[in-house]
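Breakdown of the fold
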Amino acid sequence: MPPRFPDRLRLPLDFDPERLEADMAALSAGWIEHFVPQNYDGDWSAIPLRGPAGASHPIQMINPRPGCTEFTDAPALAASPYFRAVLQHFACPLQTVRLMRLTPGSRIKEHRDHELAFEEGSVRIHIPVRTNAEVDFRLNGTRCAMPAGSAWYLRLSDPHSVTNRGASDRVHMVIDATVNGWMEALFERAAGQDGAA
């Protein structure tokens, strides 16, 4: 049975890039090296904004154990008023939320994030906070250009990779969420507006 939605959808949500950038700048000392070094070359790091309830170690905050169902805001979110406002637009259960940074010259190798698909009941939304024209995000071999402040569903159970060939960091807010009626209606709107790009 074919997937209900395309492998990428630009959602009908837009956020202020300057305010996103300001909240990120306030957290500039909190980056944590990604925990799967074999999946990338260079510098790929994260700041947890929301993570598993009861987790205290930074790695636990950005990498929930399988089957985790209880999530809570991380301390960094309390210091980020616009990030909190962004998340209030999502009327669905939020799981982990992270800032993910890929520095110039760094590469995330092609991989799949299993079960991250609308049809599986769990989706990943990307909101670019800082990006540049030389970021090459590939999903199923096709480039997806995402401007700062836009919001995207990406079916990351499919093969994807990222290379930052630019001179500035690429930082996305990455939201993992549970599919509900609100999310389904949002995707229907996006698909109806030809949100695939």
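Here the structure is a predicted model, which means the values were calculated and not measured.

**Details of the sheet that holds strand 12 (residues 160-164)**
Pairing is antiparallel across the open sheet formed by 5 strands, whose spatial order is 3-7-12-9-10. The sheet terminates laterally at strand 3 (40-41) and strand 10 (142-143), the two strands that pair on one side only. Relative to strand 7 (residues 107-111), strand 3 runs antiparallel, the two being bridged by 2 bridges. Across the sheet, residue Tyr40 finds its bridge partner in strand 7, namely Ile108.

**A look at the pattern of salt bridges**
Overall, the coordinates contain 17 salt bridges when judged by the stated rule. Across the pair Glu184 and Arg4 runs a salt bridge, and its minimum N-O distance is 2.6 Å. Of this pair, Glu184 sits in helix 5 (residues 181-192) while Arg4 sits in the segment before strand 1 (8-14), and the two are 180 residues apart along the sequence. Taking the relative accessible area as the measure of exposure, Glu184 reaches 30% and is therefore partly exposed. The closest approach of N and O atoms between Arg8 and Asp7, which form a salt bridge, is 2.9 Å. Several salt bridges share partner residues, and in doing so they unite Arg98, Asp113, Arg124 and Asp176 into one network.

**A few points about the environment of Glu188**
The residue Glu188 is located in helix 5 in this model. Along the primary structure Glu188 and Leu11 are separated by 177 residues, whereas in three dimensions their C-alpha atoms are 9.5 Å apart. The contacts of Glu188, once residues within four sequence positions are left out, are Arg4 and Phe5. Within the structure, Glu188 has its side chain in polar contact with the side chain of Arg4 (distance 2.4 Å).

Here is what the cut-offs are and how they apply
- Residues numbered from 1 in each chain as written.
- Predicted model: local features only at pLDDT ≥ 70, side-chain atom pairs only at ≥ 80, totals over all residues.
- Heavy atoms only, no water.
- Pairing = 2+ DSSP bridges.
- Helix = DSSP H or I, 4+ residues; strand = E, 2+ residues; numbered from the N terminus.
- Salt bridge = Lys/Arg side-chain N within 4 Å of Asp/Glu carboxyl O.
- Buried < 20%, exposed > 50% of the residue type's maximum accessible area, 1.4 Å probe, protein only.
- Contact = heavy atoms within 4.5 Å.
- Polar contact = N/O pair within 3.5 Å; in protein donor to acceptor, adjacent residues only side chain to side chain.

That is the geometry; function is a separate question.
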